[in-house]
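Fold and contact review
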Amino acid sequence: MKKKKHNIAKKSATPRAETKIRDKSPLAPLSDRVIVQPLSPEESGISTPSGIIIPDTAKEKPEQGTVIAVGPGKWNESGTERIPLGIAIGDRVLFSKYGYDEVKVAGTTYYVIGESNILAVIS
C-alpha cells in the first residue's frame, strides 16, 4: 500500500534580517516581541537631584526603557504575511510593570516584552 504524500503549504521562513536590531544587540526578538533596555536610575528618576539612589526595597519596578530591537511582527490570520509592529528602535516606551521577561546577557539587563504589553511611546 502506497503512502499518501501530503502537500502541506508551509509559511515562508522569514529571514533573520527582517528583525530590526540596533548596534549588534545580543538578542534577536521573534514574532511581536521587543527588546527593551531599562532606563538607568538617573534617566528614570529613581535617584534624587543630589544623586542619592533610592534602594530597590523603596521603589517600584522600572516601567520605562529604550527599544533596542524589534521583531518582524505576527503572521496575519491567513498566514500569508506579517503584520509589522508600531514601535521603532530608539523609542522610549512605557510598559506594564509585570508584563516582561528579564534577561541578563554579558552583565547587561534587557526586558523581552510583547507588543501588547507596551502601553505608550514617550516623546
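Not measured: the values here are computed from a predicted model.

Within the secondary structure layout, Ile 35 lies in strand E2 (residues 33–38). Put simply, Ile 35 and Tyr 100 are 65 residues apart on the chain and 9.7 Å apart in space, counted from C-alpha to C-alpha. The residues contacting Ile 35, other than those within four sequence positions of it, are Leu 27, Pro 29, Thr 66, Val 67, Ile 68, Ala 69, Tyr 110, Tyr 111 and Val 112.

Moving on to the pattern of salt bridges. This structure, assessed with the given rule, holds 2 salt bridges. Glu 63 is paired through a salt bridge with Lys 97; the nearest N and O atoms lie 4.0 Å apart. Here Glu 63 is found in the loop between helix H1 (41–44) and strand E3 (64–70), whereas its partner Lys 97 is found in the loop between strand E6 (92–95) and strand E7 (100–105), with 34 residues between them in sequence. Judged by relative accessible area, Glu 63 falls into the partly exposed class, the value being 28%. Overall, Lys 97 belongs to the partly exposed group, its relative accessible area being 27%.

Moving on, we get to the packing of aromatic side chains. Under the criterion given, the structure shown has 3 aromatic pairs. Seen in terms of ring centroids, Phe 95 and Tyr 100 are 5.5 Å apart; in terms of plane orientation they differ by 85°. Their pairing is edge-to-face. Both residues of the pair, Phe 95 and Tyr 100, count as buried. Among the aromatic residues, those joined into a cluster by ring pairs are Phe 95, Tyr 100 and Tyr 111.

Scoring rules and cut-offs
Residues numbered from 1 in each chain as written. Predicted model: local features only at pLDDT ≥ 70, side-chain atom pairs only at ≥ 80, totals over all residues. Heavy atoms only, no water. Helix = DSSP H or I, 4+ residues; strand = E, 2+ residues; numbered from the N terminus. Contact = heavy atoms within 4.5 Å. Salt bridge = Lys/Arg side-chain N within 4 Å of Asp/Glu carboxyl O. Buried < 20%, exposed > 50% of the residue type's maximum accessible area, 1.4 Å probe, protein only. Phe/Tyr/Trp six-rings, centres within 6.5 Å; stacked < 30°, edge-to-face > 60°.

Taken by themselves, the reported measurements are silent on function.
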